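Chain residues, written in single-letter form:
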Amino acid sequence: MRRAYQEHRFGLVLGAGVSRAFRFHVPAWEELVASLASHPFVDGSKVDAAGAPLASRADLLFRHFTAKVKQALDADGPIDRYMAERIARGEWRALIREILYKEAPSPAALRDAHPFLQQFLTIVRDSPLTITYNFDAYLEMMLAVDSGNASDSRGRPYETVFDGARPFRSATGVIYHPNGYLPQNVLERASDDLVFSEEDFGDQLLASVAGHDASVTHHLSKQTCLFIGLSLSDETLRHLLRRNAVNNPGHFHYLVDWLNPDRPLTPERADALSAYRMRVYNLVTLYLADDEIRALGTLIQLPLEDFRRVADAAGAPLKYVFYLTGAPGVGKTTVLRHLASLNTYDEWMADPLPLLAKPYNKLSLDEQREVDDWVAKQLRDKNESLLREMEGVFVVERGPLDPLSFVDDDEVRRKATAFRPLLLPTKFDQLCAGSVILLWGDSARISSRVASRQAIQQPPGYLDGLQNRLRTRIYPEQAGAVSLRSTDWSISELVRAVAGVIHAGPYRSVDLGSRLSSLATGS
């Protein structure tokens, strides 16, 4: 999340739990419907049924209220039907505004009235897009106060939108309200509609299924998002998340599940929820209390040196490196392309050497030396770049010891001895440690994949040898490598398996420098 925020590809998605967390009373949806039903202007006791679905209750109450308004207007003389409906809708919105902001303090007091939202205001201003499913304006009110007299070409350091189909004027600080927007100040522009009734929710879901939510879909596919205050009860949101998970199996977001001190969560339920959300929606679940959510907002923005001190005190690494390795054609490049929301390193730092298309055992001695020198230079450059990285999650195609697998078993020791000075020219050089994810599979199927993309064949027998050496000599599981049989899965399943290791598995860092020395000495 920190890296995504620094690279302006991070965004927040906020739900009702954020507004409900204020220390003054903000009505939940059920309370809002009940308050509308009991309001003297609505007098909904004759049509409301407390046990009915909330969307249905809101729909019935609105239609009942509209009929009352039209009746009152007709008493003063005939009125255009369209005008009557517009007047009724405006008065209905005024009632919602009255209930929604009934206990709201002054905007200046909002800063200290929320347990954690203040820590995310800078993130909202800096991010390309913040999505809030609330139609209140508390976020905008806090931003206005927090910014003081600061302004930009927009006059305000944020832009509120409620029509995702229209282009945004701003590159950052855009706040999108998919369910509509109803500010406290009646002079502020509100949305024409609020997604509040069964009809509204139905139309929104149908529009989502039809693909009329391109801005949100694009945002979820390109940005890393943190969801706060959402229960995933919204069918439209679940549809969007599921569609994103299917179309982008390697792109994961983060969901904060608020820890209610009055209702402790059992470890079993937490594990089941985490697995379900990761599998179905590509969501990594963070179980946090109010103070921990506030701390998360602080940590995302903390300068590197301050963050380093916090991480050191907690015993947490700043950098996680995952080497994705395996024989040619096993699926490494395909998986890496699906993990682009993380920080990735391609197989080579330059255009591949044409000789790499040939099996290593078919090369002449001069060609082998040329390949060894070129590969060592590429791996050395990649290694030095990784060592310079300060923080983040990095997925690297090919491990630095891969070239040792291209010789016969009895030649591995000699190869390691000769390759070590090419990879680490001085005694001060070191290999970047990291977790090794080894992909392997049916050699005949892998060979057919290679044949479909290049004229030079990689025979199944040759690939068998490569895979056996990678699994038993170079990166054995007892040395800490994670082994996945890739040819048994579809691309989507394989990507999810690798992403599961990265996001949910234990991080097992392999000391590759020591591993190389062991292979060179035969120990």
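That block above? That's the structure.
Below: a short report on this structure. (Residues numbered from 1 in each chain as written. Predicted model: local features only at pLDDT ≥ 70, side-chain atom pairs only at ≥ 80, totals over all residues. Heavy atoms only, no water.)

## Some remarks on the overall build of the protein chain
Using the following cut-off: Only DSSP runs of H or I reaching four residues or more are called helices, and only runs of E reaching two or more are called strands; each is numbered from the N terminus. Summary of the burial criterion: residues with accessible area below 20% of their type's maximum are buried, those above 50% are exposed, and those between are partly exposed, where the area comes from a 1.4 Å probe applied to protein chains only. Whether two residues are in contact is decided by their heavy atoms: any pair within 4.5 Å suffices. Surface exposure here means Shrake-Rupley accessible area, sampled with a 1.4 Å probe, where a residue is shielded only by the protein chains that are shown. The sign given to each residue is positive for Lys and Arg and negative for Asp and Glu; His and the chain ends receive no count. For the purpose of locating charges, the reference atoms are NZ of Lys, CZ of Arg, CG of Asp and CD of Glu.
Helix and strand content of the protein chain: 20 helices and twelve strands. Each principal axis of the C-alpha distribution contributes one length, and for the protein chain these read about 100 × 50 × 45 Å. Scored against the burial criterion, the 523 residues of the protein chain give a buried share of 50%. A separation of at least 24 residues holds for 76% of the contacts in the protein chain among residues at least 6 apart in sequence. As displayed, the protein chain offers around 24,900 Å² of accessible surface, 53% of which is attributable to carbon and sulfur atoms. Across the protein chain, the 60 positively charged side chains and the 66 negatively charged ones have centroids separated by 5 Å.

## Topic: the nonpolar core
Which entries qualify depends on this criterion: Side-chain atoms within 4.5 Å are what join buried Ala, Val, Leu, Ile, Met, Phe, Trp, Tyr and Cys residues into a set we call a nonpolar core.
One finds Leu 226, Ile 228 and Val 498 to be the most contacted residues of the largest nonpolar core, which totals 122 residues. Considering each element in turn, this core owes the most residues, seven residues, to helix 19 (residues 491-503). Not counting the four nearest positions on each side in its chain, Ile 228 is found in contact with Leu 12, Val 13, Leu 14, Gly 15, Val 18, Phe 116, Phe 120, Val 256 and Ile 293. Core analysis: the next-biggest nonpolar cluster, separate from the first, contains 19 residues, Val 161, Phe 227, Leu 241 and Leu 255 among them.

## Thoughts on the environment of Gly 465
Mapped onto the elements of the fold, Gly 465 is located in helix 18 (residues 460-474). In this structure Gly 465 comes out as buried when scored by relative accessible area, which is 18%. As a C-alpha pair, Gly 465 and Ser 405 span 60 residues in sequence and 8.1 Å in three-dimensional space.

## Looking at the packing of aromatic side chains
For the record, the criterion: Only rings of Phe, Tyr and Trp enter the pairing, Trp through its six-membered ring, and a pair is recorded when the two centres are within 6.5 Å. The plane angle decides the type: under 30 degrees is stacked, over 60 is edge-to-face, the rest tilted. Remark: a charge is flagged as sitting over a ring if the NZ atom of Lys or the CZ atom of Arg is within 6 Å of the ring centre and within 35 degrees of the ring normal.
Going through the model one piece at a time under the given rule, you end up with 15 aromatic pairs. Both rings, one in Phe 22 and one in Phe 24, keep their centres 4.9 Å apart while their planes meet at 25°; by these two values the pair is stacked. The burial state of Phe 22 is the same as that of Phe 24; both residues are buried. When the ring centre of Phe 307 is taken as origin, the NZ or CZ atom of Arg 2, which lies over that ring, is 3.9 Å away. Taking the ring centre of Trp 440 as reference, the NZ or CZ of Arg 471 above it sits at 3.6 Å.

## So, the sheet that holds strand 6 (residues 253-258)
Short version of the rule: We call two strands paired when DSSP finds no fewer than two bridges between them. A fitted line through C-alpha atoms represents every axis, and for helices the fit uses only the stretch in contact; the resulting angles, taken between N-to-C directions, go from 0 to 180 degrees.
What the seven strands build is an open sheet, ordered 3-4-2-1-5-6-7; its pairing is parallel. Looking along the sheet, the strands with just one partner apiece sit at the ends: strand 3 (159-161) and strand 7 (283-288). Strand-to-strand, the axes of this sheet are offset by a mean angle of 20°, without reference to chain direction. Bridge analysis of strand 6 against strand 7 gives six bridges, and the strand direction is parallel.

## Let's talk about the sheet that holds strand 8 (residues 319-326)
Pairing within the open sheet is parallel, and its five strands lie in the order 9-10-8-11-12. Each edge of the open sheet is held by one strand with a lone partner, namely strand 9 (343-345) and strand 12 (482-485). For this sheet the average axis-to-axis angle between neighbouring strands, irrespective of direction, equals 20°. In this sheet, strand 10 (residues 392-397) lies alongside strand 9 in parallel orientation, the contact comprising three bridges. Bridge pairing in strand 10 links Thr 344 to Val 395. Here helix 18 sits on the sheet in contact with strand 8, strand 11 (435-440) and strand 12, set at roughly 150° to strand 11. Lying over the sheet, helix 19 contacts strand 8, strand 10, strand 11 and strand 12, oriented at roughly 160° with respect to strand 11.

## Quick notes on the pairing of strand 11
Of all six residues that make up strand 11, six are buried, and the element is covered over most of its length. Along strand 11, one buried face is formed by Ser 435, Ile 437 and Leu 439 and the opposite face, lined by Val 436, Leu 438 and Trp 440, is buried too. Here five bridges tie strand 8 to strand 11, and the two strands are oriented parallel to one another. Bridged to Phe 322 within strand 11 is Ser 435. The sheet contact formed by strand 11 and strand 12 spans four bridges and is parallel. Within the sheet, the bridge partner assigned to Ile 437 lies in strand 12 and is Val 482.

## With respect to the environment of Leu 336
Summarising the element assignment, Leu 336 is placed in helix 14 (residues 332-338). The buried category is assigned to Leu 336, whose relative accessible area is 2%.

## Considerations on helix 10 (residues 235-247)
Going by this rule: By this rule, a helix spans an expected 1.5 Å times one less than how many residues it contains. Polar contacts, as counted here, are pairs of nitrogen or oxygen atoms within 3.5 Å of one another; within protein the pair requires one atom able to donate a hydrogen and one able to accept it, and residues that are adjacent in sequence qualify only if both atoms are side-chain atoms.
In this model, helix 10 (13 residues) spans 18 Å end to end at C-alpha, consistent with the 18 Å of a helix rising 1.5 Å per residue. Looking at helix 10, one finds that the buried residues are Thr 236, Leu 237, Leu 240, Leu 241, Asn 244 and Ala 245. Between the side-chain oxygen at the start of helix 10 and the backbone nitrogen of Thr 236 there is a gap of 2.8 Å, and the oxygen is on Asp 234.

## Some details on the pairing of strand 1 (residues 10-14)
In terms of burial, strand 1 is largely enclosed, as five of its five residues are buried. Residues of strand 1 alternate between two faces, with Phe 10, Leu 12 and Leu 14 on one and Gly 11 and Val 13 on the opposite face, all of them buried. Of the pairings in the sheet, the one linking strand 1 to strand 5 (residues 224-228) comprises five bridges and is parallel in character. Each residue of the ladder has a partner; that of Leu 14, found in strand 5, is Ile 228. Two elements, strand 1 and strand 2 (residues 129-132), share two bridges in a ladder whose sense is parallel.

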